[in-house]
Amino acid sequence: MNMFREVIAWLVAASGVMCWVIFIPQVKLLVKIKKSESISTGMLWGSFGIQVLIMTHLAIQNPIDWRLLSTYIMSFFGLLIILYFVYYYRRWPGGRKK
């Protein structure tokens, strides 16, 4: 059972890297079409709040599960990038004119 826990813990850590892979297509699409009306800001902010809550919970645990916390931190930053592009293209549809 201990070996199973360790394998799962390392799969959780690896999923932190996969978070970025999952976010890349959405970021590429936002940059390509330069529009964000079809993305729900309510869903993004809801996800943001849930991630902050889970990260806070993980950070105050004793001992801290660093692998799981690092996964959520990576996902958190991926979500911040998407939020940035959503609000950027809502303010400047099609991007800024040079």
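What comes next concerns the included structure. (Residues numbered from 1 in each chain as written. Predicted model: local features only at pLDDT ≥ 70, side-chain atom pairs only at ≥ 80, totals over all residues. Heavy atoms only, no water.)

**Focus on the side chain of S75**
Here is step 1: One can find S75 in helix α3 (residues 66–91).
Here is step 2: Contact partners of S75, with chain neighbours within four places excluded, come to C19, F23 and Q51. (Helix = DSSP H or I, 4+ residues; strand = E, 2+ residues; numbered from the N terminus. Contact = heavy atoms within 4.5 Å.)

**Structural notes on the packing of aromatic side chains**
Here is step 1: Applying the stated criterion across every chain yields a total of 9 aromatic pairs.
Here is step 2: For the pair F76 and F77, a centre-to-centre distance of 5.5 Å together with 75° between the ring planes defines the contact as edge-to-face.
Here is step 3: With a relative accessible area of 41%, F77 lands in the partly exposed category.
Here is step 4: Grouping aromatic residues by their ring pairs yields a cluster made of W45, F48, F76, F77 and Y87.
Here is step 5: Over the aromatic face of W92 sits the side chain of R96, whose NZ or CZ is 4.0 Å from the ring centroid. (Phe/Tyr/Trp six-rings, centres within 6.5 Å; stacked < 30°, edge-to-face > 60°. Buried < 20%, exposed > 50% of the residue type's maximum accessible area, 1.4 Å probe, protein only. Lys NZ or Arg CZ within 6 Å of the ring centre and 35° of its normal.)

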